[in-house]
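# Notes for the structure review
Residue strings, one per chain:
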Amino acid sequence: MVKKTEILRINSSNFNESIRKAAEILKNGRTVAFPTETVYGLGANALEPDSVYKIFRAKGRPPDNPLIVHIASKEQVMELSENIPDDAFVLMDAFWPGPLTLILKRKKIVPDVTTGGLDTVAIRMPGNRIALELIKEAGIPIAAPSANISGKPSPTTADHVISDLYDKIDAVVDGGPVDIGIESTVVDMTSEKPLILRPGGVGIEDLKIYMPELEIGYSKEKMVGKKVKSPGMKYIHYSPSAKVVLVEGFNGISDTINQIISDYRKKGLKVGLLATNDTADYITEKGLDTFLLGNRDDIKKIASNVFRGLRTLDDSDLDIIIVDGSIEYDGVGSAVINRLQKAANEIIILEKGENIET
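Report on the accompanying structure. Since the model is a prediction, treat every value here as computed from it, not as a measurement.

Bringing the overall build of the chain into the picture now. Helices and strands together make up the secondary structure of the chain, namely 13 helices and 18 strands. Here the C-alpha atoms of the chain give a radius of gyration of 20 Å, agreeing with the 21 Å that 2.2 N^0.38 yields for 358 residues. In the chain, 66% of the contacts between residues at least 6 apart in sequence involve partners at least 24 apart. Within the structure as shown, the chain displays about 15,200 Å² of accessible surface, and the carbon and sulfur contribution to it stands at 47%. Considering the chain, the positive charge centre built from 44 side chains and the negative charge centre built from 51 side chains are found 5 Å apart.

As a further point, take the environment of E82. Mapped onto the secondary structure, E82 falls in strand β5 (residues 81-82). Its relative accessible area of 37% is what places E82 among the partly exposed residues. The sequence separation of E82 and K108 amounts to 26 residues, and the corresponding C-alpha distance is 9.8 Å. Among all residues touching E82, those that are not within four sequence positions of it are K105, R106 and K107.

All buried positions along helix α7 (residues 158-165) are accounted for by A158, H160, V161, D164 and L165. The buried residues of α7 occupy an angular sector of 155 degrees when the element is viewed end-on, so they sit on one face. Among the exposed residues of α7, those oriented more than 90 degrees off its buried face are D159 and S163. Lining the buried residues of α7 we find β2 (32-35), β3 (40-45), α2 (49-59), β9 (171-174) and α12 (299-314). The first or second residue beyond α7 is D167, which carries a positive phi of 75 degrees.

Moving on to the packing of aromatic side chains. The final tally for this structure, using the stated rule, is one aromatic pair. Measuring from centroid to centroid gives 5.3 Å for F95 and Y210, while their planes differ by 80 degrees, and the two rings are edge-to-face. With F95 in helix α4 (residues 86-95) and Y210 in helix α8 (residues 204-210), the pair connects residues that are 115 residues apart, well separated along the chain. Taking the relative accessible area as the measure of exposure, F95 reaches 14% and is therefore buried. Its relative accessible area of 44% is what places Y210 among the partly exposed residues. One Lys or Arg, R129, reaches over the ring of F15 and ends 3.9 Å from the middle of that ring.

Taken as a whole and assessed by the stated rule, the structure comprises 14 salt bridges. As a salt-bridge pair, E346 and K243 come within 3.4 Å of each other at their nearest N and O atoms. Note that E346 is positioned in strand β17 (residues 346-349) and K243 in strand β13 (residues 243-248), a separation of 103 residues in sequence.

The rules behind each value
- Throughout, residues of each chain are indexed from 1 in the direction in which the sequence is written.
- Restriction of local features to residues with pLDDT of at least 70 applies here, the model being predicted, together with a cutoff of 80 or more for giving and counting side-chain atom pairs; totals for whole chains, interfaces and linings are based on all residues.
- To obtain the side-chain values, all non-hydrogen atoms of the structure were used and water was disregarded.
- By definition, any uninterrupted DSSP run of H or I lasting at least four residues is a helix, any uninterrupted run of E lasting at least two residues is a strand, and each is numbered from the N terminus.
- Throughout, the radius of gyration refers to the C-alpha atoms, and the reference size of a globule is 2.2 Å times the residue count to the power 0.38.
- Contact definition: two residues touch when any of their heavy atoms are within 4.5 Å.
- Each accessible area value is a Shrake-Rupley result obtained with a 1.4 Å probe; residue values ignore everything except the protein chains displayed when judging cover.
- Lys and Arg are tallied as positive, Asp and Glu as negative. Neither His nor the chain termini are counted.
- Lys charges are placed at NZ, Arg charges at CZ, Asp charges at CG and Glu charges at CD.
- Throughout this description, buried means an accessible area under 20% of the type-specific maximum (1.4 Å probe, protein chains only), exposed means over 50%, and partly exposed covers the range between.
- This arc describes the spread of directions from the helix axis toward the C-beta atoms.
- Paired rings are identified among Phe, Tyr and Trp, the last through its six-membered ring, by centres lying within 6.5 Å, and are further divided according to the angle between planes into stacked (under 30 degrees), edge-to-face (over 60) and tilted (the rest).
- Any Lys NZ or Arg CZ found within 6 Å of a ring centre and within 35 degrees of that ring's normal is scored as a charge over the ring.
- Salt-bridge detection follows one rule: a side-chain nitrogen of Lys or Arg within 4 Å of a carboxyl oxygen of Asp or Glu.

As structure tokens, then:
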């Protein structure tokens, strides 16, 4: 049982010592949260079932939700998987290290608990120095979902991890804020055609340069009643405690959001706003708890702020969080909208005039 979480605040003078300490904790079958370029991950030895179970217990994560295995070399891919298609190596060469996860046929060395009982394994090589050096020093593949309570917004700082998991895990490596702020793109290489199961840090358009036949496979309808090969496809994710109302579209979005805020306030509810700078300029309701994501044309900044914004507003003890979804659905923008849709309890699509209860 974890008694106290050790905080390893990494800097230039203690880098090697901190990495060695965190690696020893992992080698001893315990859990360590660490930064990647996407979000903070909660790691354990991917090949030891008892160690991996500690991740599920700490997060309260459903056991049929597969984990991503993090590696530091392509040689480790061969150790963990088999029948690897040539196209997979093309994507590895193009995007690793980086925010791309590949679903491959697993070898028996990978335990069921790591794969959610599937015959496939999710693998990626993170593009973050701390993560890579930790994997190398530990000498083991590291299973690591996001380091948060299951279902809550993913952590982009060590403080987010500490808020969720202190005294539930053995250590946190504090490497500062992450770069991207949105999880990796997941591509299934075991399907008849390569299939994107989750949009993420690598844009769909970028992937199609190398693999034009790539198909999209993460619509909600395709997941009903099915086992899933990727994290983030089946269960409620990224959601604060407050009710989240997502407004998608561009035409009339400020007027719509102003009306929604007014309606909720008339009911005596405390309302907050997560918005692009462009939309916020036209919000007339005053005295709101507001978190600005950035300009619409700076999608990288918006992506880095999404989870931080949801967490910040949820800390304000709100009843409702209104989210501005005036974001182009391409590149990393598709991942941002995907995460906001999964966080939302209600989605209002302006173009179609639809309300979707989730």
